[in-house]
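# A look at the structure
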2 protein chains.
Amino acid sequence: MTTEATRVVLSARPQGAATLDDLRHEPFECPDPGDGQVLLRTIWLSLDPYMRGRMDDAKSYATPVGLGEVMTGQTVGEVIASRHKDFAPGDIATGMTGWTDHAVIDGGELRKIDPEVAPIQTALGVLGMPGLTAWTGVNHILRVESGKTLVVSAATGAVGSVAGQLAKAKGLHSVGVAGGPEKCAFATDELGYDACIDHHAQADGKAMAAAIADAASDGVDYYFENVGGKTLAGVIGNMNDHGAIAICGMIAWYGGKNLDEGPQMPMLWRNMLTRKLRAEGFIIYDHWHRFPDFLNEVAPMVADGRVSYRESVTEGLENAPAAFLDMLQGGNFGKTLVRVGADP
Amino acid sequence: MTTEATRVVLSARPQGAATLDDLRHEPFECPDPGDGQVLLRTIWLSLDPYMRGRMDDAKSYATPVGLGEVMTGQTVGEVIASRHKDFAPGDIATGMTGWTDHAVIDGGELRKIDPEVAPIQTALGVLGMPGLTAWTGVNHILRVESGKTLVVSAATGAVGSVAGQLAKAKGLHSVGVAGGPEKCAFATDELGYDACIDHHAQADGKAMAAAIADAASDGVDYYFENVGGKTLAGVIGNMNDHGAIAICGMIAWYGGKNLDEGPQMPMLWRNMLTRKLRAEGFIIYDHWHRFPDFLNEVAPMVADGRVSYRESVTEGLENAPAAFLDMLQGGNFGKTLVRVGADP
């Protein structure tokens, strides 16, 4: 027996910016679970910027998606059938099942979710990988101290919004950078940033530098880097001695865009030397062992509202490609989700 | 009473590359020491790349030299007259007295040197600031572990030569980058590098990357950065996961030269993210408190020959400007010194 299902596969490798032609929604026959496996019906699919990197056939920290293969992605779903002792039909679980409405996966690669703690899709956002990424960057890469100043780019995104709120809860002066007045208003009004800079209103790195100098009058001690480009160019000259940069993403440069936008290399290096800065890249896969500590600290903050979150929901797996491309252009607002199936 | 003396002052701020017209050798009347002060007769003057930065009127980690003021520099000299309790005529001492053959300085800013330990000019090199810089970079910034691979640029310079030897003594695979076959032969034959790459023979960052890949077959775990430019471009793609870069200098870019040479910014940032690299700038003034630990460890290594050194000596203070410019072009070989006066 099999299940009639649909999925989104990589149909072509992007030449520069990704397009709808690079992704294809198609039917497939989902097999029954084998021994130790589970059949999951997808309810929520997470869309994340890192997925753009998987579409290229370049050396990266993860294997690229092959042509004709299902796009990588994390989902939350309902167990339909199980041949794994830890899962029973009706359970809610999360795993890397990809852009598909049904999947068979080893039970050992799934994590069960308690629907009583928070809405189940938070396992893809504030209480999932983006939240853990933010928490790790703030606490283990930047190692922030209260009273200092943090700048967060993509400040209202799934990662940035958590980073800003965690820093605020620790008593830092927090400055967000986001695209457009609506996001900036959300950053200050809902996420508690002390200030937010609209990068659409900054013509270049020089204008960005002036805006950051204005918003961070004591200089910048920490930069949570999600974008690269002119925001990085604007931050670097405002860094204080012994400042730190956590390199988490560089969405401004993904797909070969805006490569001339950003600081000149000698200027970056000179600032790093004379101001004795530390810059450190990190990938969340090295930090999964921190997940229990993260959940212990942040789940109560979500429950009592100290950490809030916003979702950008697209209905239907067939609309995932357009939603994904829109997110890469900054059209999303908060955690980008696709509702693939109905709640149980 | 005063002493007839000469000094080298900054006569003009360089426009791009520094020239002989920017420095002037001139007579002056050196005053007698006041209370708590010492009159020092210079024997040795150290020339260092950082001095180029002091000639510019730009925000840096140190105050620029003013027009008409004596150039900054560390010297070793003989005490001629003293009104400080810790110093007596005939003592040998080192301090930041500048490019001058006589100077009056507070005794508290001088450090006495024991001429029995090593030749007195080593206080300017292997047992002075360059040695401390190398030791700090290797041990406290890179935090090297045996069995891993280190690349050192300006590998035969005052800092690089010590960094390479310290790493070798700790059991690392060490790869130097230096300018020309003579320096490269010295790097492998005298300094113990496992391999040395002649950067004159590498047309660009791509060629450098291939040469480094060849010399560091297990990849690069640590990079001791003294130069920037095409060497950095060649190193970055060869870094292993969780590698570290200690940013100590960037001589290739000083004076606004070769600004297009080096990695493109997005390429650097991408490597830092996907390989989870750490880059950290450091300035030795933050690390002076480590001097006793450094001296305890490295002085015996110099005494028994485990750490050797080479000097590039120019005779006469009047020749210091030309020697300095030559050093900036890579014409020096080892620690660059000017003999300003006779031994006691």
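Parameters at a glance
- Residues numbered from 1 in each chain as written.
- Chains lettered and ligands numbered in written order.
- Predicted model: local features only at pLDDT ≥ 70, side-chain atom pairs only at ≥ 80, totals over all residues.
- Heavy atoms only, no water.
- Helix = DSSP H or I, 4+ residues; strand = E, 2+ residues; numbered from the N terminus.
- Contact = heavy atoms within 4.5 Å.
- Axes fitted to C-alpha atoms, helices over the stretch in contact; angles between N-to-C directions.
- Parallel < 35°, antiparallel > 145°, perpendicular 65-115°, else oblique.
- Left-handed = near helix turned anticlockwise from the far one by under 90°.
- Nonpolar A, V, L, I, M, F, W, Y, C, P; charged D, E, K, R; others polar.
- Salt bridge = Lys/Arg side-chain N within 4 Å of Asp/Glu carboxyl O.
- Buried < 20%, exposed > 50% of the residue type's maximum accessible area, 1.4 Å probe, protein only.
- Pairing = 2+ DSSP bridges.
- Least-squares fit on C-alpha atoms with pLDDT ≥ 70 in both.
- Phe/Tyr/Trp six-rings, centres within 6.5 Å; stacked < 30°, edge-to-face > 60°.
- Lys NZ or Arg CZ within 6 Å of the ring centre and 35° of its normal.
- Buried area = accessible area lost by both parts, 1.4 Å probe.
- Polar contact = N/O pair within 3.5 Å; in protein donor to acceptor, adjacent residues only side chain to side chain.
- Core = buried A, V, L, I, M, F, W, Y, C linked by side-chain atoms within 4.5 Å.
- Domains from an automatic or database assignment.

## With respect to the side chain of A:Thr336
Note that A:Thr336 resides in strand 15 (residues 335-339). Discounting chain neighbours no more than four positions away, the residues touching A:Thr336 are A:Leu45, A:Ser46, A:Leu47, A:Ser312 and A:Met327.

## Description of the packing of helix 5 (residues 205-215) of chain A against helix 6 (residues 229-236) of chain A
All names here are of chain A. Two elements in contact, helix 5 and helix 6, have axes whose closest approach is 7 Å; the angle formed by their N-to-C orientations is 50°. In terms of orientation, helix 5 and helix 6 fall into the oblique class. For the pair helix 5 and helix 6, the sense of crossing is right-handed. Where helix 5 approaches helix 6, its residues Gly 205, Met 208, Ala 209 and Ile 212 are matched on the opposing element by Lys 230, Thr 231, Ala 233, Gly 234 and Val 235. Here the contact of helix 5 with helix 6 is composed, by residue class, of five nonpolar, three polar and one charged.

## Some remarks on the packing of helix 2 (residues 129-142) of chain B against helix 8 (residues 291-303) of chain B
Geometrically, a packed helix pair is captured by the angle between its two axes and the distance between the axes. Residue and element names in this part refer to chain B. Interaxial distance between helix 2 and helix 8 falls to 10 Å at its minimum, and their mutual angle equals 95°. It follows from the interaxial angle that helix 2 and helix 8 lie roughly perpendicular. Where helix 2 abuts helix 8, its residues Gly 131, Leu 132 and Trp 135 lie against Phe 291, Asp 293, Phe 294, Glu 297 and Val 298. When grouped by side-chain class, the residues that make up the contact of helix 2 with helix 8 number five nonpolar, one polar and two charged.

## Thoughts on the pattern of salt bridges
Residues and elements named next belong to chain A. What the rule picks out here adds up to 29 salt bridges over all chains. Salt-bridge contacts for Arg 41 lead to Glu 78; the nearest nitrogen and oxygen are separated by 2.7 Å. Taken together, the residues span a long stretch of sequence, with Arg 41 in strand 3 (residues 37-46) and Glu 78 in strand 4 (residues 75-82) at a distance of 37 residues. When its relative accessible area of 16% is taken as the criterion, Glu 78 is described as buried.

## Points about the pairing of strand 3 (residues 37-46) of chain B
Residue and element names in this part refer to chain B. Across the 10 residues of strand 3, nine count as buried, placing the element largely inside the fold. Relative to strand 6 (residues 102-106), strand 3 is paired through five bridges, and the arrangement is antiparallel. Paired with Leu 39 across the strands is Val 104, a residue of strand 6. Bridge analysis of strand 3 against strand 15 (residues 335-339) gives three bridges, and the strand direction is antiparallel. Considered in strand 15, the bridge of Ser 46 is made with Leu 337.

## Remarks on the relation of the copies chain B and chain A
Expressed as a screw transformation, the operator carrying chain B onto chain A has a rotation angle of 180° and an axial translation of 0.0 Å, and the superposed copies differ by an RMSD of 0.0 Å. What the rotation and shift describe, once combined, is the action of a two-fold rotation axis. A share of 100% of interface residues in chain B that are also interface residues in chain A marks the association as one of identical surfaces.

## Quick notes on the packing of aromatic side chains
Tallying each qualifying case throughout the model produces 12 aromatic pairs over all chains. One aromatic cluster is present, built from ring pairs that chain together A:Trp135, A:Trp288, A:Phe291 and A:Phe294. Stacked on the ring of B:Phe87, the Lys or Arg B:Lys112 has its end atom at 5.5 Å from the ring centre. The aromatic ring of B:Phe333 is capped on one face by B:Arg310, whose charged end is 3.7 Å from the ring centroid.

## Concerning the interface of chain B and chain A
With 34 residues of chain B at the contact, the number on the chain A side is 34 residues. Carbon and sulfur atoms supply 70% of the area buried between chain B and chain A, which totals about 3,100 Å² over both sides. For the chain B face of the interface with chain A, the top three residues by lost area are B:Met265, B:Trp269 and B:Leu273, together amounting to 25%. For the pair chain B and chain A, the number of links is two salt bridges. Residue A:Lys276 is joined to B:Asp286 by a salt bridge in which the shortest nitrogen-to-oxygen separation is 3.2 Å. Here chain B and chain A share nine residue pairs in polar contact (both at pLDDT 80 or more) between them. Taken together, the elements giving at least two residues each to the side of chain B that touches chain A come down to strand 12 (239-247), helix 7 (265-274) and strand 13 (278-281) of chain B. Considering each element in turn, the side of chain B that touches chain A owes the most residues, eight residues, to helix 7 of chain B. Note that strand 13 (residues 278-281) of chain A and strand 13 of chain B share three bridges and pair antiparallel.

## Examining the sheet that holds strand 8 (residues 149-153) of chain B
On the basis of which strands lie adjacent, the open sheet formed by 12 strands has the order 10(A)-9(A)-8(A)-11(A)-12(A)-13(A)-13(B)-12(B)-11(B)-8(B)-9(B)-10(B) and mixed pairing. In this open sheet, the two strands that pair with only one neighbour each are strand 10 (195-198) of chain A together with strand 10 (195-198) of chain B. Each strand axis lies, on average, 15° off the axis of its neighbour in the sheet, ignoring direction. Here strand 12 (residues 239-247) of chain A pairs with strand 13 of chain A via four bridges, running parallel. Its bridge partner being in strand 13 of chain A, A:Ile245 is matched across the sheet by A:Ala279. Running at roughly 170° to strand 8 (residues 149-153) of chain A, helix 3 (residues 158-169) of chain A makes contact with strand 8, strand 9 (173-178) and strand 11 (220-225) of chain A of the sheet.

## What about the nonpolar core?
If you look at the biggest cluster of nonpolar residues, it comprises 187 residues, and the most contacted ones within it are A:Trp99, A:Trp269, B:Trp99 and B:Trp269. In this structure A:Trp269 touches B:Glu225, B:Leu232, B:Ile245, B:Ile247, B:Met250, B:Trp253, B:Leu268 and B:Ala279, once residues within four positions along its chain are discounted.

## Some points on the domain arrangement of chain A
Residues and elements named next belong to chain A. Splitting chain A by domain gives domain 1 (2-125 + 309-339) and domain 2 (129-284). Its C-alpha centre places domain 1 at a distance of 29 Å from the equivalent point of domain 2. Each partner contributes to the interface: domain 1 provides 20 residues, whereas domain 2 provides 13 residues. Between domain 1 and domain 2 the total buried area reaches about 1,400 Å² when both faces are included, carbon and sulfur atoms providing 64% of it. On the surface where domain 1 and domain 2 come into contact, there are zero salt bridges. Applying the counting rule to domain 1 against domain 2 returns three residue pairs in polar contact (both at pLDDT 80 or more).

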